[in-house]
Amino acid sequence: MHPEKSPGKDGLNPAFFQAYWCIVGTDVVRFCQHFMSTGELPNGVNQTLACLIPKVKAPQAMTDLRPISLCNVLIRILSEVLENRLKPCLKSLISDRQSAFIEGRLLNDNALVAFEVNHYMRRLTQRTKGITGFKMDISKAYDNLEWNFTQNVMLKFGFSKLWNSRVTGSIQSHIASFAMVISLVILLRTGESVKVTQYLHIYILCAQRGLALLFDGMKRATKTEANIMKRIGCRYESISGQMINYDKSSVTFSSNTTADNRKEVCEQLGVNEAQNPGRYLGMPMYVGRRKVATFSFLSDKISKKLQVWQNQTLSKAGNVTLLKTAAEVVPNFWMSMLLIPLEVCDRIEKSMKAFWCGDGSSVRV
């Protein structure tokens, strides 16, 4: 745990516990053992400070704000204990379709599968009936789970009632106080969301059980199967408490899908057709002939970083370290799966050379 992580409502960050562990360590261990044996938490220890961080410069609605929960270090330690005990079981419980956040699996696998599926649909011209791909967006995916749904999923996977009570007890007892952050400030080094970072594996288990329904849904681009998919989505919403954001969701069709079928499916699902499905896990799902335009976001991303660093007074050794550890690693994820056009690589190289030479006017390429 990083010592400068944001403190909870008690004002104590991890640095305090690390510096004075010789004094408070015994009490912290006794606190964790008491909870694991009885499931009881002292009053007030689970209070969190919920901050609303703006996503845009001038937020106008609640959707423009990102909530983060700043919990006490003791609760973070407890959640880490629960998470470490749960991790060894995940690989046997979670389907191979989910490769992210599971030890021993690569995030790249899901991205490559999505890329190949979209490529197959683009080149499909021989079948009599077209097929469709549904890119579904879940609103606040990590923050909207019904407690009963979480408990039932854990019991269905075979976890004991004692373990279930420990997990749900540590989640349900959160008492949040809200602090409105009006502008982007640097008071918080990193914000931690309780449900995202500490109970992520609980969410994966719930998603594994609930979203399994969707894999049996729509396969062909017909109105009937679109109606089935719509009903499955509504059922998932009702049992899990999550909401499908149809405004951000989209569908893509194979090349042999007729215009009438496309229109019927879009109307039935209430989503728009996307000619380009965009990016999934950061990787473009479709790369056409305009490869330079598709991957130009890489050079733009690095150029923006370099523009910020240009004003910092660093030595040559500092510049070298910054370029190697922060700039050169940016395109590694995409290069591990796809071939980046040489023109984009040249732009990145020119931006880094301009930063090294100290010519701020030539950073934009």
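Here the structure is shown first, and the text comes after it.
The present account deals with the structure reproduced in this document. (Residues numbered from 1 in each chain as written. Predicted model: local features only at pLDDT ≥ 70, side-chain atom pairs only at ≥ 80, totals over all residues. Heavy atoms only, no water.)

Topic: the pattern of salt bridges
(1) Moving on: With the rule as written, the count across this model stands at four salt bridges.
(2) Moving on: Ionic pairing is found between Arg-30 and Asp-27, a salt bridge with its closest N-O pair at 2.8 Å. Taken as a pair, Arg-30 and Asp-27 lie in helix α2 (residues 21–38) at a separation of three residues, close to a single helical turn.
(3) Moving on: With a relative accessible area of 48%, Arg-30 lands in the partly exposed category.
(4) Moving on: A salt bridge links Glu-343 to Arg-347, with the nearest nitrogen and oxygen atoms 3.2 Å apart. Pair noted here: Glu-343 and Arg-347 are both in helix α15 (residues 342–357), with a separation of four residues, about one helical turn. (Salt bridge = Lys/Arg side-chain N within 4 Å of Asp/Glu carboxyl O. Helix = DSSP H or I, 4+ residues; strand = E, 2+ residues; numbered from the N terminus. Buried < 20%, exposed > 50% of the residue type's maximum accessible area, 1.4 Å probe, protein only.)

Brief notes about the environment of Pro-7
(1) Moving on: In this structure, Pro-7 sits in the segment before α1 (14–19).
(2) Moving on: Expressed as a C-alpha distance, the spacing of Pro-7 and Val-73, which sit 66 residues apart in the sequence, is 7.4 Å.
(3) Moving on: In this structure, Pro-7 is in contact with Leu-12, Asn-13, Leu-70 and Arg-76, ignoring residues within four places of it in sequence. (Contact = heavy atoms within 4.5 Å.)

Things to note about the sheet that holds strand β7 (residues 250–253)
(1) Moving on: Pairing within the open sheet is mixed, and its three strands lie in the order β3-β7-β8. Two strands bound the open sheet, and with one partner strand each, they are β3 (132–135) and β8 (272–273).
(2) Moving on: With two bridges connecting them, β7 and β8 associate as parallel partners. Note on β8: the bridge partner recorded for Val-251 is Glu-273.
(3) Moving on: Those strands touched by helix α10 (residues 259–269) are β7 and β8, and its axis lies near 160 degrees from that of β7. (Pairing = 2+ DSSP bridges. Axes fitted to C-alpha atoms, helices over the stretch in contact; angles between N-to-C directions.)

Topic: the pairing of β7
(1) Moving on: The side-chain alternation of β7 yields two buried faces, one formed by Ser-250 and Thr-252 and the other by Val-251 and Phe-253.
(2) Moving on: Traced from β7 through α10 to β8, the parallel crossover comes out right-handed. (Right-handed = clockwise from strand over helix to strand, strands pointing away.)

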